[in-house]
Amino acid sequence: MVHPPKAKEIIKCLEYLADPVKAKLLQGYFKTGKGEYGEGDKFLGVKVPEQRKIAGQFWRDVTLDDLKEPIQNPYHEVRLTAVFILVQKFQKSKSEEEKQAIVDFYLANKKFLNNWDLVDSSAHKILGPWLYDKDRSLLYELAHSGQLWVQRIAVISTFYFIDHDDFSDSLKIAEILLPHPHDIIHKAVGWMIREIGNRDYHTALQFLRQHYKNMPRTMLRFAIEKFEPETKHVFLKGTI
């Protein structure tokens, strides 16, 4: 493959900062072993602040074509740096056409957003704001996709709505994903319910009263983390 010049520059900057010792630690932290959620992922061992610095240097000059190789790169930090660049380009875009192109690119490459940090650094900063004043049926398609990281994109995208006191889609998607088997989704859903509770305690409480008995334990624990100890206790005991 012939890399666009800017893609080669981004990759070269990250390779220069590679740290094999840190890379090994990250492979454990991001669960890259056989049968784990990040199975087979590769790391260079570059710190996130260094990735953000590189993204800050490149985002103005790179095109979406330049980003195609980095966002599909086998090394995690290269993909994450591409995500950081994409977010900055979206946030600085002045036209709907530019934003639409970035969203289309994001969705076309969603299978490469295959760990929680890649999703959590982007979904509520690109897809959430894009869909805020539009038809949101796409999020339900993603939630029903059966693909772990795509489903997490659906959940985390709604964080943008929550931040604007708009909770309906977050709670509907939470209902869809209640029976999900993976704790990556349990944590994401519980986190969003907790964020709703931070803004509207009674809305979160009402939802939890209705659904907590069917919630995976991890989801419930994340959702009630900021509740008063007495309230947490009765939820966990199932006596509320």
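All values reported here derive from a predicted model rather than from experimental measurement.

1. Concerning the side chain of E77
Turning to step 1, where the next piece is worked out: By the secondary structure assignment, E77 is in helix α5 (residues 76–92).
Turning to step 2, where the next piece is worked out: For the buried E77, no salt bridge exists, and the shortest N-O distance to an oppositely charged side chain is 7.4 Å, to R79.
Turning to step 3, where the next piece is worked out: When sequence neighbours within four positions are dropped, the list of residues in contact with E77 reads L14, L26, K42, F43, L44, G45, V46 and Q51.

2. Observations regarding the nonpolar core
Turning to step 1, where the next piece is worked out: Of all hydrophobic cores here, the largest spans 73 residues; its most connected members are Y106, L127 and L208.
Turning to step 2, where the next piece is worked out: Among the elements that take part in this core, α5 stands out by supplying 9 residues, more than any other.
Turning to step 3, where the next piece is worked out: Residues lining this core come from more than one domain, with at least three contributed by each of domain 1 (1–114) and domain 2 (122–239).
Turning to step 4, where the next piece is worked out: The contacts of Y106, once residues within four sequence positions are left out, are L86, L113, V119, S122, A123, I126, L127 and I153.

3. Examining the domain arrangement of the protein chain
Turning to step 1, where the next piece is worked out: The domains assigned to the protein chain are domain 1 (1–114) and domain 2 (122–239).
Turning to step 2, where the next piece is worked out: Opposite the 15 residues of domain 1 that make contact, domain 2 presents 16 residues.
Turning to step 3, where the next piece is worked out: Buried area between domain 1 and domain 2, both sides added, is near 1400 Å², and the carbon and sulfur share of it is 78%.
Turning to step 4, where the next piece is worked out: Remark: the boundary between domain 1 and domain 2 carries 1 salt bridge.
Turning to step 5, where the next piece is worked out: The salt bridge partner of E96 is K134, with a shortest N-O separation of 3.6 Å.
Turning to step 6, where the next piece is worked out: Breaking the side of domain 1 that touches domain 2 down by element, the ones donating at least two residues are α5 and α6 (96–108).
Turning to step 7, where the next piece is worked out: Sorting elements by how many residues they give to the side of domain 1 that touches domain 2 places α6 first, with 6 residues.

4. Here we look at the layout of surface pockets
Turning to step 1, where the next piece is worked out: By volume, the largest pocket amounts to about 180 Å³.
Turning to step 2, where the next piece is worked out: Looking at the largest pocket, the residues that line it are Y37, W116, D120, R152, D183, I184, K187, A188, W191 and F222.
Turning to step 3, where the next piece is worked out: Contributions of two or more residues to the lining of the largest pocket are made by α7 (116–120) and α13 (183–199).
Turning to step 4, where the next piece is worked out: Top contributing element to the lining of the largest pocket by residue count: α13, with 5 residues.
Turning to step 5, where the next piece is worked out: Partitioning the lining of the largest pocket into residue classes produces 6 nonpolar, no polar and 4 charged.

5. So, helix α10 (residues 148–157)
In an α-helix, one turn spans 3.6 residues, which is why side chains three or four residues apart end up on the same side.
Turning to step 1, where the next piece is worked out: Counting buried positions along α10 yields 10 of 10 residues, so the element is predominantly enclosed.
Turning to step 2, where the next piece is worked out: Residues of α10 that are buried include every one of L148, W149, V150, Q151, R152, I153, A154, V155, I156 and S157, and no others.

Criteria and cut-off values
Residues numbered from 1 in each chain as written. Predicted model: local features only at pLDDT ≥ 70, side-chain atom pairs only at ≥ 80, totals over all residues. Heavy atoms only, no water. Helix = DSSP H or I, 4+ residues; strand = E, 2+ residues; numbered from the N terminus. Buried < 20%, exposed > 50% of the residue type's maximum accessible area, 1.4 Å probe, protein only. Lys, Arg positive; Asp, Glu negative; His and termini not counted. Salt bridge = Lys/Arg side-chain N within 4 Å of Asp/Glu carboxyl O. Contact = heavy atoms within 4.5 Å. Core = buried A, V, L, I, M, F, W, Y, C linked by side-chain atoms within 4.5 Å. Domains from an automatic or database assignment. Buried area = accessible area lost by both parts, 1.4 Å probe. 1 Å grid on protein atoms, 1.4 Å probe; cavity = no way out; pocket = protein on both sides within 12 Å on 5 of 7 lines; lining within 4 Å. Points joined across faces, edges and corners; volume = space filled by probe spheres on them. Nonpolar A, V, L, I, M, F, W, Y, C, P; charged D, E, K, R; others polar.

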